[in-house]
Amino acid sequence: MAVPVRNSESDEAGRSVPPGRPRPLDVVRRWLPRSTFGRHALLVLVGAVAVVLVLETTSPFRNSQFATLSYYAIAAAGLTVLTGLNGQISLGHGALMAVGAYTTGLLLGSAGPPPLILVLVVAAAVTAVVGVVVGAAASRLHGPYLAGATLAFAIAVPGLAIYFDGVLGGEQGMQIDSPRAPAWFADAIYFLSANEMSGAKYLAYIGWATLLVVLLLLANLAAGRVGRVWRAVRDDEVAAELAGIRPGPVRVLAFTVSAACAGLAGAVLGIVVRLAAPSGFTIVLSLGLLTAVVVGGLGSLTGALLGAALLVFLPPAVTNLGTAAGLSGVAAAELAPLVYGVVLVLVVLLAPTGVVGGVRRMWQSIRNGAGRSGVGGNGRERS
Amino acid sequence: MDTVGSRRRLRGRAAVLAVVAVVALLASACGAGGRPSGEEGGAQPGLTPQSVKVGAHFPLTGVASPGYSDIPTGTKAYFDYVNAHGGVHGRQIEYVFRDDAYNPTQTSQVVNELVLQDQVFAMLGGLGTPTHSAVLDYLNSEGVPDLFVSSGSLLWDQPERNPQTFGWQPDYEIEAKIIGKYVAENFPQAKVGLFLQDDDLGRDAEIGGRRFLDRQIVAAERYTPGNTDVAPQIAALQAAGADFVIGFNVPSYTALSQLQSLRLNYDPQWAYSNIGSDPALVGSLLARFSEGAVTDAGLLDGVITTEYLPSVEAAGDPWTQLFTRVWQEHGTDAELTNFRIYGMAEAYAFVQALQAAGPDPTREGLVAAVEQSGAQMEGPWLAPYRYSEQSHAGISGVKISRIVGAGTEDLTPVQVTDNGDAPITPHPGPASTPPANGIPVPPTG
Amino acid sequence: MQQFLNVTLTGLSQGAIYAAFALALVLIWRSTRIVNFAQGSMGMFTTYLALIVIEGTGSYWLGLVVALGAGLLLGAAIERLIIRRVEGGPELSAIIVTLGLFVAIQALAAILFGATFRSFPAPFDLRGMMVGGVNVALTPFSVFVIGSVVLVMAALVALFRFTDVGLRMRAAAFDQEVSRLLGVPVGPLLTLGWALAAVVGSLAGLLIAGGSLVYPAYMDPIIVYGFVAAVLGGLDSPGGAVVGGLAMGLALSYVSGYVGSELVAMAALAILVAVLLVRPHGLFARTAARRV
Amino acid sequence: MVTDPAEGATPGDTSATDGPLFRVDEVGVRFGGLVALDEVSLSVAPGEVHGVIGPNGAGKTTLFNVCCGFVTPSSGTLHWRGEPVRGLRPHRLAQMGIARTLQGVGLFRGLTVLENVMVGADRHHRAGFTSALLALRRSDRDERALRERAHAVLTELGTETYADRLPGSLPYPVQKRVALARALVAEPQMLLLDEPASGLGADDMAELGTRIRGLRDRMAVVLVEHHMDLVMTVCDRITVLDFGRVVAEGTPDQVRDDPAVIDAYLGEEAA
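Residues numbered from 1 in each chain as written. Chains lettered and ligands numbered in written order. Predicted model: local features only at pLDDT ≥ 70, side-chain atom pairs only at ≥ 80, totals over all residues. Heavy atoms only, no water.

Asker: Run through the overall build of chain C, naming residues and quoting values.
Answerer: Looking only at helices and strands, one finds eleven helices and four strands in chain C. In terms of C-alpha radius of gyration, chain C reaches 19 Å, essentially the compact-globule figure of 19 Å for 292 residues. Each principal axis of the C-alpha distribution contributes one length, and for chain C these read about 65 × 50 × 35 Å. Relative to its full complement of 292 residues, chain C shows a buried share of 62%. Long-range contacts, defined as pairs at least 24 residues apart, comprise 75% of the intrachain contacts of chain C with a sequence gap of at least 6. (Helix = DSSP H or I, 4+ residues; strand = E, 2+ residues; numbered from the N terminus. Rg over C-alpha atoms; globule rule 2.2 N^0.38 Å. Buried < 20%, exposed > 50% of the residue type's maximum accessible area, 1.4 Å probe, protein only. Contact = heavy atoms within 4.5 Å.)

Asker: Describe in detail the confidence of the model for chain D, supporting the description with residues and values.
Answerer: Residue and element names in this part refer to chain D. When pLDDT is averaged along chain D, the result is 84; 91% of the residues meet or exceed 70. In the predicted structure, residues 1–16 sits below a pLDDT of 50 and forms 22 contacts with residues beyond four places in sequence or in another chain. Across the assembled chains, the prediction reports ipTM 0.85 with pTM 0.87. (pLDDT = per-residue confidence, 0-100.)

Asker: I'd like to hear about the interface of chain C and chain B, residue by residue, with values.
Answerer: Accessible area lost when the parts come together is the quantity often used to give the size of an interface. Of the residues lining the interface, 35 residues belong to chain C; the matching set on chain B comes to 37 residues. Here chain C and chain B share an interface that buries about 2,900 Å² over both sides, 59% of which is from carbon and sulfur atoms. At the boundary of chain C with chain B, the tally comes to zero salt bridges. Here chain C is connected to chain B by two residue pairs in polar contact (both at pLDDT 80 or more). When residues of the side of chain C that touches chain B are traced back to their parent elements, those giving at least two are α1 (2–32), α2 (39–57), β3 (134–136), α9 (220–233) and α10 (238–259) of chain C. Of the residues that constitute the side of chain C that touches chain B, the class distribution is 15 nonpolar, 15 polar and five charged. (Buried area = accessible area lost by both parts, 1.4 Å probe. Salt bridge = Lys/Arg side-chain N within 4 Å of Asp/Glu carboxyl O. Polar contact = N/O pair within 3.5 Å; in protein donor to acceptor, adjacent residues only side chain to side chain. Nonpolar A, V, L, I, M, F, W, Y, C, P; charged D, E, K, R; others polar.)

Asker: Mind laying out the domain arrangement of chain D, listing which residues take part and the relevant values?
Answerer: All names here are of chain D. The domain boundaries assigned to chain D delineate domain 1 (1–97 + 189–271) and domain 2 (108–187). One C-alpha centre belongs to domain 1, the other to domain 2, and the line joining them spans 27 Å. Taken together, the contact pairs 18 residues of domain 1 with eleven residues of domain 2. For the pair domain 1 and domain 2, the summed buried area comes to about 1,100 Å², and 58% of that belongs to carbon and sulfur atoms. Counting the contacts that link domain 1 with domain 2 gives one salt bridge. For E156, the salt bridge goes to R218, with nearest N and O atoms at 2.6 Å. At the boundary of domain 1 and domain 2, one finds four residue pairs in polar contact (both at pLDDT 80 or more). For the side of domain 1 that touches domain 2, the elements supplying multiple residues, two or more each, are α3 (90–96), β7 (190–194) and α8 (202–215). If one sorts the elements of the side of domain 1 that touches domain 2 by residue count, α8 sits on top with five residues. (Domains from an automatic or database assignment.)

Asker: Outline the packing of aromatic side chains, supporting the account with residue identities and numerical values.
Answerer: Aromatic rings in a pair are described by how distant their centres are and how their planes are angled relative to each other. A complete count under the given rule lists 44 aromatic pairs over all chains for this structure. Look at F66 of chain A and W208 of chain A: their rings are 6.2 Å apart centre to centre, the planes differ by 70°, and that puts the pair in the edge-to-face class. With F66 of chain A in helix α3 (residues 60–85) and W208 of chain A in helix α9 (residues 199–223), this residue pair connects regions lying 142 residues apart in the sequence. For the pair formed by F66 of chain A and W208 of chain A, the shared burial category is buried. Measuring from ring centre to ring centre gives 6.4 Å for Y60 of chain C and F120 of chain C, while their planes differ by 75°; the resulting arrangement is edge-to-face. On the criterion of sequence distance, the pair formed by Y60 of chain C in helix α3 (residues 60–81) and F120 of chain C in the loop between β1 (118–119) and β2 (129–131) is long-range, its members being 60 residues apart. By relative accessible area, which is 8% here, Y60 of chain C ends up buried. According to the relative accessible area criterion, F120 of chain C is buried, its value standing at 0%. (Phe/Tyr/Trp six-rings, centres within 6.5 Å; stacked < 30°, edge-to-face > 60°.)

Asker: Describe helix α14 (residues 301–324) of chain A, and please don't skip the residues or the numbers.
Answerer: Residue and element names in this part refer to chain A. In a regular helix each residue adds 1.5 Å, so 24 residues correspond to 34 Å; α14 covers 34 Å between its end C-alpha atoms and thus fits that length. Remark: the principal bend of α14, roughly 35°, maps to F313, with a proline, P315, within the next four residues. If you check the start of α14, you find a side-chain oxygen 3.3 Å away from the backbone N of T302, and it comes from S300. Of the residues trailing α14, G326 is marked for its positive phi of about 95°. (Expected span 1.5 Å × (residues − 1). Bend = angle between axes of the 7 residues up to and from the residue.)

Dropping the structure here:
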């Protein structure tokens, strides 16, 4: 499941189209629907099939890991729009996820809870509204000032849950009733795979359905004018302004879209974890999302997905490796953050374009090498 | 115009093709997924004739890890000791503990891993109120025995709703009750101030404390965990004229409250609940660096606290001797701490429960065994459990003691009680002693 | 009145610590245009080294010297080996690298020194002083803290204002290429900037630890508020860092004392946003002219 | 000197044929105590190529920044098509029909050449956020229209083969042409060129001169430039600034022989 977004800073070699000779991909492309929606929808459909196949053939534990992966990926996809496409850094996305999670908790905890889809939409909408406010404040800030403001936001929001502990459950958190799979859905899955629906699997389906919709919408935005304008503002505010684009509202829009995604991610997190508690939305979560975005490859939705996967699968793998190597449980547990920090540094130093950028570059060099020699990707650079 | 139209039709056809492909894929998925369900009925996850797997979640990294990350190492050392002596009913205990960094989101992930991937037979001693809350429903709906949660919250004692979950340590309410009664009887003139952590710890404790002290309490101040500035709370206690302050807080806030009192030259009689007063941990605060700076005794000297387990400093206690031996044989190079003793005591309790569940334990059997024979189980804990079919509450009492140097001296015998308005009574009977080989004696018959 | 005085004095001594931390951030910002999120972890690490020395020798002052020296080396090494490669690159790269270092150093400390509470000594009395029979919430140790911060700030101002090295450091930070053309040894100066900043950061770590418990994450709350203080003052100004730190300490102390301690972080956010909306580059920064 | 009304002008703006298209009236700019511009006036007729020259620090770029709304003048006014312009902000320029290139190239380095030019055409977009979010047909149609506009301009400037490349990988003269394309695609009535010839070789510069002359039937052009040869060959009128003041104004021939101009440039060389 991958929705490629055309990008980016990284793509230094540029795209060279040898005139007159169709690329192998063009053959495939000819079979794709020409409308953006059709193309993206087809990818999402393929993704949906893949999700069903994966979830139905993997163990319940993997299912639960995929559920976890889904909310990290939703939030990371939103953050990649903000940071990768629009160039705004946010250390506060964990707090935005908290807004979504608490909204979900309040809705599902109310007497006569609304249908799940409505809960998700409301969670996204509420967080988007918060995003407008934060984004408006943030739109004038750059670099470290923006990082500082969003960092303070990340620290401040969990405090509200404690201040309003009557409604929000204080330090102990708010229990969230996870929805059970409706009969028709369980039947449909049984019809397809002859597998019973388990709780974890249903949650994974919710998460991945949400993720696919988010990816579809973000890919739509990124591929068209909105994404182009976001990137233009990222690259050169003054030039964008001269083209008639107002950087302020553009930044706020990017922040709002990103916040809506974080809200959705928070809603899914709340449902999967069954709890919204301040200690679940510390700065560590925000940093984790940023890590996912950077390690995966800034600005690429595929990268966000890969980064989120790394976030879910790497720490247990490292810990298990540490235990296997004979470390005590405690030392092995500390190994995970150590590796995490070191990986972060190394990625920026050695592969600043992340996993996706690295792969793309390799692919390009293979293609250029196999194709023709000559002018190709590296034109004369002005020093 | 025509060509555009035909091209569009062509694209439409491509979409149809895609749908067909999807349906085909789905159909193939049907076949792939159709494996036989229904495994053999009697199999228990995590249980083989040779082994039984036990899981736990603890904060091994992050802000909450100091101290608490010691607990599972103690548990593991004791299980290793039992394994070296043949295990329980011939089964070796495999203990898997994972890091949740005191983050409920991660707790949920690691417990999924423990239950689904590691296939643990039971959970033991998962630590923290918000963290364990996140997995409470899950463990109960999956039918995983959730023994001896490492937290004094009242949440774990809901046998109707959470039949698999058992508390273990004395809950904050009864601990506060017992302290409250002691203060009311021995310091009837004291103006009492409460220094409370603003969560279930402080809330439950205030309920318990007010049962005997409502008339004497002149101030109840709450701090937010994470905010290290406790000056306003201490100043308010001082301003209210409290000359006896009872703290229900975690250890780092014991240090902060003491430092702040020094700064304000505020010197009430302090009492800290067990959770915040480990003398070995914070008792030596500044003691070694005192020349000319503070008094040459530790800051906590003379502070009143409670105990429900033998302390690492009580070298004469046979339980401490046993645990010291266990730690020497199976622990790490680090020194034995009260947190590790806590972990060993939980492990001891688990071994008893497993023994009581019989040679062919089941998850239901384990839960039933704790409910039926838990109240009679003896171990290093000073007061008996309250386990029954109606109650999943743990240790029923504490003794009041005073910190002297790095150790403690008793002020009262062990007092036992229950939640609500249950009376407080001295615990009769002699203190238990460990069996010679250090392993619980299985119930006979 | 008594309470107001106490809250104020507590705020000031807390603020001095934020200021020390903010100073370290400003120093690095001035030399390399990078915000060092790893500052807290670095200070924590050197404080552990000091603790080992103090426990071995019994001398606080020897520990202090060792910590500051270790800070100097650590700062220089990190700049030379790691930061050098992201200087002048995208802002985000530098931020991510220092965040990565923050996490890694903290984990390393937990592995090396153990994740337990350890008591850290203070060289001066921790009891409040009596002035005319009235206790004031100011301890000899707080006086030491405030004094050290003022001293460090004065030293930094003197360095930048009156010495050749300081001037060159500012030039190197302002425009590396031009400085290089003018024969300023840019590389060593950047390393020096980091080294000095790490010394100040180590001092902040020691001051926070004094008389309290240390554990690998003990600097975490300071990181956020110290960072906010630095941003508040304007990342470019040592004076701004001190004012920002003290303002932060006082404001948070008042909020904690009179409003509610759970709203402290919210207050920090509110102050920061209010200031940045009026002055997007902090209180004491000269507004940069718009470049076209 | 007034030529045909610009073709790009929207119908109905006959007023433009009568008076100047753009007028700067006694504009002054002060930064603190420093006087950057002092009573500078300038007027641009439709279809005119107007050069602004002067030694370094004469205030040329400041004047451009005033015209673009980056700098608010301390005194004086601007008039666009006879109407006074108040509170000018840069993002309003495109809608007014003014485009500007930046010193250097100022291209979006993360966008392909085609995308760069499409951003320049952004004022022609029709579809809104919702249709982009849902990728409605309207949005696709809109994109196609922008892309076609961009392609047309790229073709006109002979850069269409680079459409899918990132600007950073292209030779500098090509980048400058792309920057010009990005400005032209907005179909402005007035084009402000900030040092369009910097970094170009003789051939490229000659080509640029021809191109600028060729723009006259579509728009007015104002250029700030150091290369005297270029300025003298392409400009219809020239304004000379020195120390923030207009020291001369007129046709290239008039300006060339003006003693004040020679003074200004000699002063620079002597310094």
